[in-house]
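Tertiary structure, described
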Amino acid sequence: MFTDQNLYHYSLLSLFFIAPPTFLALQFLTAPYGKHHRSGWGPTISPPLAWFLMESPTLWLTLLLFPFGQNHNNPLSFILISPYLFHYINRTIIYPIKLAGKSRIARREIKNPPPESGFPVSIAMMAFVFNLLNAYVQARWVSHYADFNSDEWFGLRFASGMVVFAAGMTLNVWADKVLVGLKSEGGGYKIPKGGLFEYVSCPNYLGEIVEWLGWALMTWSWAGLGFFLYTFANLVPRACANHEWYLQKFGEDYPRKRKAVIPFLC
């Protein structure tokens, strides 16, 4: 008999199983969006719309599942899910709005602006499916399978994890703001500078990795750990590809001491 517990179990296993092949595949193939955009991946849509659509399951599926969990009346479940929702409100709604606004400003200020590179629908669909899977695993664990009543260490783990999560999100949002700001200036890609950009090419990815490390600490669960490991497997190769792109694009003008994503190491 196929039960919700079976569905959750296999979904959680899937989260762990897809991380290694994702990491390996991204050593040889870079997702064709942003600065790596290239033809041959089918139809495209605007990047802000793509970000909104593919990240949206993290909000609507979480809110849909939560009332059906046995923890739906426990205040601790709402406290725990709040950082997760806060991140995805930014990523699903606020970030696309900023991206669209800055893009319009840049295009108004440039005569005969080049066509805006689109976001492949195929990549957006893959991200949508992952977010369906992950939102189900994270929301179902917090709302139903987490045992708050017997967890004497919840407060300490949540507080320590929240410090890590907040630091990561602050870095992530700041770095995104810098990158979006450079796009609004027009004139093509520029070398980002200041803050952790002096040490790594992709502090936005570093911030997101740190965020989900904090989430893993807060939840102290296989669900949280699986999400952190997949984030690492997905973003570290992307950061390395971005770093290599910067080196090829700007040559000797690009700071040679910068690492890809982890200061002084990677």
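These numbers were taken from a predicted model, which means no experiment stands behind them.

**Some details on the overall build of the chain**
Along its length, the chain carries 9 helices and 2 strands. Secondary structure elements in the chain, listed N-terminal to C-terminal, are α-α-β-α-α-α-β-α-α-α-α. Whereas a compact globule of 266 residues would reach a radius of gyration of roughly 18 Å, the chain reaches 19 Å, a difference of no more than 12%. Principal-axis analysis of the C-alpha atoms gives the chain an extent of 60 × 40 × 35 Å. Counting only residues that meet the buried cut, the chain has 48% of its 266 residues in that class. Look at the contacts in the chain between residues 6 or more apart in sequence, and 81% of them connect residues 24 or more apart. With the model as given, the accessible surface of the chain reaches about 14,000 Å², and the carbon-plus-sulfur share is 67%. One way to put it: in the chain the 21 positive side-chain charges average out to a point 10 Å from where the 15 negative ones average out.

**Focus on the UniProt feature "domain: 3-oxo-5-alpha-steroid 4-dehydrogenase C-terminal" (unreviewed entry) in the chain**
The positions UniProt marks with the feature "domain: 3-oxo-5-alpha-steroid 4-dehydrogenase C-terminal" (unreviewed entry) are residues 119-265. Taken as a whole, residues 119-265 contains 69% helix and 1% strand, while its terminal C-alpha atoms sit 31 Å from one another.

**Concerning the nonpolar core**
Within the largest apolar cluster, 33 residues are counted, with the highest numbers of intra-cluster contacts made by Leu80, Tyr84, Val142 and Trp215. Listed by contribution, the elements that provide at least two residues to this core are helix H1 (4-17), helix H4 (57-65), helix H5 (75-109), helix H6 (121-145), helix H7 (154-184), helix H8 (203-219) and helix H9 (222-250). Top contributing element to this core by residue count: H6, with 7 residues. Here this core spans two domains, and each of domain 1 (31-150) and domain 2 (152-265) adds at least three residues to it.

**Notes on the domain arrangement of the chain**
Each assigned domain of the chain is listed with its residue range as follows: domain 1 (31-150) and domain 2 (152-265). Spacing between the C-alpha centres of domain 1 and domain 2 amounts to 17 Å. Contact residues are listed per partner, giving 31 residues for domain 1 and 32 residues for domain 2. Approximately 2,700 Å² of surface area, both sides summed, lies buried where domain 1 meets domain 2, with 68% of it carried by carbon and sulfur atoms. Considering only the surface of domain 1 that becomes buried against domain 2, Lys35, His36 and His87 emerge as the three largest contributors, covering 22% of it. Taken together, the links from domain 1 to domain 2 amount to 2 salt bridges.

**Some remarks on the side chain of Asn90**
Of note, Asn90 is situated in helix H5. Every residue in contact with Asn90, bar those within four places of it in the chain, is listed here: Tyr95, Pro96, Met169 and Val173.

**Some remarks on the packing of aromatic side chains**
One pass over the structure, following the stated rule, counts 25 aromatic pairs. Ring centres 6.1 Å apart and planes at 70 degrees place the aromatic pair Phe16 and Trp222 in the edge-to-face group. Residue Phe16 is found in helix H1, and its partner Trp222 is found in helix H9; the two are separated by 206 residues along the sequence. Judged by relative accessible area, which is 23%, Phe16 ranks as partly exposed. Given a relative accessible area of 60%, Trp222 falls into the exposed group. Each ring, one from Tyr33 and one from Phe119, has its centre 4.8 Å from the other, and the planes form 25 degrees; the classification is stacked.

Thresholds, definitions, all that
- Residues numbered from 1 in each chain as written.
- Predicted model: local features only at pLDDT ≥ 70, side-chain atom pairs only at ≥ 80, totals over all residues.
- Heavy atoms only, no water.
- Helix = DSSP H or I, 4+ residues; strand = E, 2+ residues; numbered from the N terminus.
- Rg over C-alpha atoms; globule rule 2.2 N^0.38 Å.
- Buried < 20%, exposed > 50% of the residue type's maximum accessible area, 1.4 Å probe, protein only.
- Contact = heavy atoms within 4.5 Å.
- Areas by Shrake-Rupley, 256 points an atom, 1.4 Å probe, with all protein chains shown as cover.
- Lys, Arg positive; Asp, Glu negative; His and termini not counted.
- Charge placed at Lys NZ, Arg CZ, Asp CG, Glu CD.
- UniProt positions renumbered as here; feature names shortened; annotations may be inferred.
- Core = buried A, V, L, I, M, F, W, Y, C linked by side-chain atoms within 4.5 Å.
- Domains from an automatic or database assignment.
- Buried area = accessible area lost by both parts, 1.4 Å probe.
- Salt bridge = Lys/Arg side-chain N within 4 Å of Asp/Glu carboxyl O.
- Phe/Tyr/Trp six-rings, centres within 6.5 Å; stacked < 30°, edge-to-face > 60°.

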